[in-house]
Amino acid sequence: MTLPAVGNDGGSSFPAVSVGNKRNKYERMDSDSDAAEDHHRSRSRRYVMACAFFASLNNVLLGYDVGVMSGAVLFIQQDLNITEVQTEVLIGSLSIISLFGSLAGGRTSDSIGRKWTMALAALVFQTGAAVMAVAPSFEVLMIGRTLAGIGIGLGVMIAPVYIAEISPTVARGFLTSFPEIFINLGILLGYVSNYAFSGLSVHISWRIMLAVGILPSVFIGFALCVIPESPRWLVLKGQVDRAREVLMKTNERDDEAEERLAEIQLAAAKTEGGEERPVWRELLSPSPAVRKMLIVGFGIQCFQQITGIDATVYYSPEILKEAGIQDETKLLAATVAVGITKTMFILIATFMIDSVGRKPLLYVSTVGMTLCLFSLSFTLTFLGQGTLGIALALLFVCGNVAFFSIGMGPVCWVLTSEIFPLRLRAQASALGAVGNRVCSGIVAMSFLSVSRAITVGGTFFVFSLVSALSVVFVYMLVPETSGKSLEQIELMFQGGMERKGGEVELGDAERLVRKDQEF
């Protein structure tokens, strides 16, 4: 629309004004602004996803070792003539040794940073894997196993902490579950490697299986050129400007980044102001709020392992052999099916963990695992050695790893990385990882001996009872943390937990304004 010219007595007139053209101009400006915001949002999502991806590569190493050792040990027994006790030590020692890496990881990551701790983990593991691949004896094999265990302990502890610290609130659960996805991917690759190289000679096959595990750590060198340091660690070290730059890249809006930075600075100021006790003193003699955090974090880590998941994964060939499969190639092929199941369901869990919540997934997981473990126990005890027994045993083994992967697997690490305050997060998470590794080691190092004493079916009956206890633990003590910033979760524990209908609910922190944005 154009306004007509206005003049006096047909004289000179004001120039015509095109309202429509101006409106189109403003609309284009708004459109350009929206497009810029969409571009920034898309770029921040891709950047955070890339950081989570590369930070999780160390976890492939753990998964690969777990998966490949289940098959490689069959050939190691023949090549190096190791005993059953040595087999248990070889398999289970990784978890025990890795706890030292996890303990060191807390202090190391506070000193040199989250990013460079991941680099150290990859380097140590590479060295251990190379030693194992050329080991001429059980003793040298254990030296390599020791180095690999320390590297894995460092990597497993630091990845969830790093990802939780760089992730925006609304996507933290999704992104922090990446390490568990990569563990499962590593397990699957280990199973595939076993099957692929099983046709080689006994002396060569297991060495190639172990040597392939070096490859993922090579990519970590490239990752160091891509990922930034944790903004929360940078604030602790007084590098606020660098922290702001990282937060600007990882948050969709600048005001949200500034808000996160203010929360982090407030949390860090407590430590700098001397209001808090030294970290390990507070962990050993915790305040009521920290005690609740430790019970939840340490407890969920222990339950993840004492329900027998590592026994199922490490010894799946032994379990299926007990069910009636005798051919080694068929055994290794069946373990590939277990690995595929585990990987598929962890992928499903990552897309549900923020929308459904942590606690509902834990309910489904622990109840499902309990039923599958009991059913596997019944099958091995009463239906084994026949076609029906083999089919049901494989079904319940796959069911157990599926239910584990849908909840207990990823949620355990997510919770541990997000419930502790900034000043305690790295070392408290390390303490939780120690509990996880100790329980894993106990299960892995005793499974064969216990199975000989009370049968494989009896052992899984014990696991089913422990899994039933984990249901009670989740019901009584685990809070829902999805949709809250790390600083809000800290306030939640400080404000106390209120019980409503059997659920652990937020106290004062629930009244904070929640600014949820779609990720």
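Because the structure is a prediction, the values reported are computed rather than measured. (Residues numbered from 1 in each chain as written. Predicted model: local features only at pLDDT ≥ 70, side-chain atom pairs only at ≥ 80, totals over all residues. Heavy atoms only, no water.)

A. View of the packing of aromatic side chains. In the structure shown here, the tally under the stated rule is eight aromatic pairs. Geometrically, the ring pair formed by F374 and F461 is tilted, given 6.1 Å between the ring centres and 55 degrees between the ring planes. Here F461 lies in helix α20 (residues 422-477) and F374 lies in helix α18 (residues 358-382), a separation of 87 residues in the sequence. The exposure class of F374 is partly exposed, given its relative accessible area of 45%. Plain terms: the ring middles of F460 and F463 are 5.5 Å apart, the flat faces sit at 75 degrees to each other, and that makes the pair edge-to-face. Linking F460 with F463, this pair stays in helix α20, spanning three residues, or about one helical turn. Accessibility classification places F460 together with F463 in one group, the buried group. A connected cluster of aromatic rings, assembled from ring pairs, spans Y315, F447, F460 and F463. (Phe/Tyr/Trp six-rings, centres within 6.5 Å; stacked < 30°, edge-to-face > 60°. Helix = DSSP H or I, 4+ residues; strand = E, 2+ residues; numbered from the N terminus. Buried < 20%, exposed > 50% of the residue type's maximum accessible area, 1.4 Å probe, protein only.)

B. Local environment of the confidence of the model for the chain. With 85% of its residues at a pLDDT of at least 70, the chain reaches an overall mean of 80. Per-element confidence in the chain ranges from a low mean pLDDT of 42 for strand β1 (residues 497-500) to a high of 93 for α18. Here residues 1-19 is modelled with pLDDT under 50, and outside its nearest four sequence neighbours on either side it reaches 16 contacts, counting other chains as well. Low pLDDT, under 50, characterises residues 496-519; the predicted model gives this stretch 53 contacts beyond four residues in sequence or across chains. (pLDDT = per-residue confidence, 0-100. Contact = heavy atoms within 4.5 Å.)

C. The arrangement of the side chain of S93 in detail. Mapped onto the elements of the fold, S93 is located in helix α3 (residues 84-112). In this structure S93 comes out as buried when scored by relative accessible area, which is 6%. Looking at S93, its side chain comes within polar contact range of the main-chain oxygen of V89, at 2.7 Å. A polar contact of 3.3 Å, which involves the side chain of S93, links it to the backbone oxygen of L90. (Polar contact = N/O pair within 3.5 Å; in protein donor to acceptor, adjacent residues only side chain to side chain.)

D. Representation of unusual backbone geometry. Positive phi outside glycine occurs at N81, with the angle close to 55 degrees. Looking at the secondary structure, you find N81 in the loop between α2 (57-80) and α3. For N81, a relative accessible area of 62% translates into the label exposed. Even without being glycine, T455 reaches a positive phi, approximately 75 degrees. Mapped onto the elements, T455 comes out in helix α20. Residue class for T455 comes out partly exposed when judged on its relative accessible area of 42%.

E. Geometry of the side chain of S405. As for its position among the elements, S405 is in helix α19 (residues 387-418). Separated by 2.9 Å, the side chain of S405 and the backbone oxygen of V401 make a polar contact. Non-local contacts of S405, meaning those with residues more than four positions away in its chain, are made with N184, K342, F345, I346, A349 and P410.

F. Up close: the pattern of salt bridges. Under the criterion given, the structure shown has nine salt bridges. Measuring nitrogen to oxygen at the nearest pair gives 3.6 Å for the salt bridge that ties E259 to R260. By relative accessible area, which is 28% here, E259 ends up partly exposed. The buried category is assigned to R260, whose relative accessible area is 8%. E418 serves as the salt-bridge partner of R358, at 3.0 Å between the closest nitrogen and oxygen. Here R358 is found in helix α18, whereas its partner E418 is found in helix α19, with 60 residues between them in sequence. Given a relative accessible area of 0%, E418 falls into the buried group. (Salt bridge = Lys/Arg side-chain N within 4 Å of Asp/Glu carboxyl O.)

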